Amino acid sequence: MKAAVVREVGDASALKMEKDFPTPKLEAGKVIVKNEYAGINFIDTYHRKGLYARDLPFVGGQEGGGTVAEVSPEAAAEGIKVGDKVAYSVFGSYAQYTSVPTGKLLPVPDGIDMGVATSCVVQGLTAHYLTASAHANLIQPGDWCLIHGVGGGTCQWAAQMAKLQGHKVIGTVSKGKEALARTLGCDELIVLDEVPGQSFEDYESVDVVKRVMEITDGKGCKSVIDGIGKSTVDISIASLAHRGIFISFGNASGAVPAFPVLRLIAKSAYVTRPKLLDYTANRAELVERANEIFGWLQDGKLKVSVDTTFPLEQAAEGHMYLEAGKSKGKVLYKI
């Protein structure tokens with residue numbers, strides 16, 4: 001089968017399309033999905049670079065959508081049929097076929113485009129847990145939330161979902177993505193200069209903390225959702241309200257360096273470094289989150305932007321596009 005494979009970690013050129021990679025065999029409790037799309041996410045670039053270690057070689061990706069091609073007896077007993085439209089998150093989605101445990105399958109409702117459904121699985125579910133759960137209820141409806149990089153994929157979702165949760169949202173965004181960000185419903189935007197060739201904004205071009213404090217009458221934000229990392233950690237902590245929570249979930253500008261916990265004492269602040277797997281810990285939680293997202297999509301309360309679709313043959317180009325900060329929405333491979 002066709003697959004985009006990493007045999008040695010490195011830059012985007014390490015991701016190479018192969019035409020004869022072994023097709024996965026059907027196993028108990030699983031199905032084989034014939035992929036129509038695979039989502040491209042920053043975590044995929046961390047795996048490719050070796051920041052998050054994987055056994056080599058490996059098929060890239062962990063987000064896909066398509067139709068069920070083969071069904072194990074256990075899957076059939078759960079009512080899953082060949083031809084069912086599904087989306088999922090497991091390793092190995094940059095391929096024609098992926099083996100998926102039944103517990104990881106999300107039925108795609110009628111009327112939801114498969115590209116949009118595929119986009120939902122990592123970015124949508126990540127945005128959902130960031131805005132609904134990771135804050136541990138330290139933010140309440142009517143409180144201020146700061147979300148960095150709302151022009152990017154995951155935080156486009158997060159800005160809209162935070163509003164659906166009743167939070168007031170301050171978004172940071174680059175000048176090049178400002179027009180898009182203004183469609184998301186943020187209460188306030190802090191517009192920053194761009195960093196050429198990077199996926200994040202120039203956080204030295206504006207005094208973000210000063211603007212946050214002006215907007216919030218000096219109180220700060222009850223939660224800060226930060227996927228930028230190294231460039232924003234100081235801004236995020238300084239922007240917190242008393243007993244606010246710093247939610248660090250990404251490393252676009254580099255990993256957050258270690259810091260002494262004593263830094264949090266000034267505001268009795270909290271910090272968490274969550275991951276999606278722990279917020280979709282069982283099938284019930286996974287389906288509950290997905291159903292709410294699909295419901296918002298069907299009701300027109302949530303807008304999803306698929307920015308660009310690359311053929312799998314251009315696997316490296318897809319990663320380079322994402323890492324260069326060119327995307328204004330979801331980036332997909334068409335299988």
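No experiment lies behind these values; they were computed from the predicted model shown.

J.: Please set out the pairing of strand E16 (residues 330–334) residue by residue, giving values where relevant.
T.: Two faces belong to every sheet, and in a regular strand the side chains alternate between them. For E16, the tally of buried residues reaches four of five residues, placing the bulk of the element in the interior. Inspection of the sheet shows strand E3 (residues 30–40) paired to E16 by four bridges, in the antiparallel sense. Bridge pairing links Ala38 to Tyr333 in E16. Relative to E16, strand E15 (residues 306–311) runs parallel, the two sharing five bridges. Residue pairing in the sheet places Pro311 in a bridge with Lys334 of E16. Each parallel crossover has a hand, and the one from E15 via helix H9 (residues 315–323) to E16 is right-handed.

J.: Hey, could you go over the side chain of His47 for me, with residue numbers and the actual values?
T.: Structurally, His47 can be placed in helix H1 (residues 42–49). In this view, His47 contacts Val9, Tyr52, Arg54, Phe58, Gln62 and Phe91; residues no more than four positions away in its chain are not counted.

J.: I'd love a proper account of the packing of helix H3 (residues 114–132) against helix H8 (residues 283–298), names of residues and values included.
T.: Between two packed helices, both the angle of their axes relative to each other and the distance between the axes serve to describe the pair. Here H3 crosses H8 at 110 degrees, and the two axes come no closer than 9 Å. Classified by the interaxial angle, the pair formed by H3 and H8 is roughly perpendicular. Here Val116, Ala117, Cys120, Gly124, Leu125, His128, Tyr129 and Ala132 of H3 lie close against H8, whose contacting residues are Leu286, Arg289, Ala290, Glu292, Ile293, Phe294, Trp296 and Leu297. A breakdown of the residues in the contact of H3 with H8 according to their chemical character gives 12 nonpolar, two polar and two charged.

J.: Describe the packing of aromatic side chains, with residues and values.
T.: Two aromatic rings, taken as a pair, are described by how far apart their centres are and by the angle between their planes. Taken as a whole and judged by the stated rule, the model has four aromatic pairs. Between Tyr94 and Tyr333, the ring centres sit 4.8 Å apart and the planes meet at 85 degrees, which makes this aromatic pair edge-to-face. Of this pair, Tyr94 sits in the loop between strand E6 (85–88) and strand E7 (97–101) while Tyr333 sits in strand E16; the two residues are 239 residues apart in sequence, bridging distant segments of the chain. Taken individually, Tyr94 and Tyr333 each receive the classification buried, so the pair is uniform in this respect. Note on Phe310 and Tyr321: the rings are 5.5 Å apart at their centroids and 65 degrees apart in plane angle, and the pair reads as edge-to-face. A residue pair is termed long-range when its members are at least 10 positions apart, and Phe310 in strand E15 and Tyr321 in helix H9 qualify at 11 residues. Residue Phe310 is classed as buried on the basis of its relative accessible area, which comes to 11%. Of note, Arg54 hangs over the ring of Phe91, and the distance from its end group to the ring centre comes to 3.7 Å.

J.: Residues and numbers for the state of the cysteines, please.
T.: For the coordinates displayed, the defined rule picks out zero disulfides. Between Cys145, a cysteine without a disulfide, and Cys221, which holds the nearest cysteine sulfur, the sulfur-to-sulfur distance is 6.9 Å. Classification of Cys145 as buried rests on a relative accessible area of 1%. In this structure Cys186 is a free cysteine whose sulfur lies 9.3 Å from that of Cys145, the closest cysteine sulfur available.

J.: Requested: an account of the packing of H1 against H9, with residues and values cited.
T.: Their axes nearest at 10 Å, the elements H1 and H9 cross at an angle of 115 degrees. When the interaxial angle is binned, H1 and H9 end up roughly perpendicular. Both H1 and H9 take part in a crossing whose hand is left-handed. On H9, the residues touching Phe42, Asp44, Thr45, Arg48 and Lys49 of H1 are His319, Leu322 and Glu323. Class assignment of the residues belonging to the contact of H1 with H9 gives a composition of two nonpolar, two polar and four charged.

Parameters and conventions
Residues numbered from 1 in each chain as written. Predicted model: local features only at pLDDT ≥ 70, side-chain atom pairs only at ≥ 80, totals over all residues. Heavy atoms only, no water. Buried < 20%, exposed > 50% of the residue type's maximum accessible area, 1.4 Å probe, protein only. Helix = DSSP H or I, 4+ residues; strand = E, 2+ residues; numbered from the N terminus. Pairing = 2+ DSSP bridges. Right-handed = clockwise from strand over helix to strand, strands pointing away. Contact = heavy atoms within 4.5 Å. Axes fitted to C-alpha atoms, helices over the stretch in contact; angles between N-to-C directions. Parallel < 35°, antiparallel > 145°, perpendicular 65-115°, else oblique. Nonpolar A, V, L, I, M, F, W, Y, C, P; charged D, E, K, R; others polar. Phe/Tyr/Trp six-rings, centres within 6.5 Å; stacked < 30°, edge-to-face > 60°. Lys NZ or Arg CZ within 6 Å of the ring centre and 35° of its normal. Disulfide = S-S within 2.5 Å. Left-handed = near helix turned anticlockwise from the far one by under 90°.

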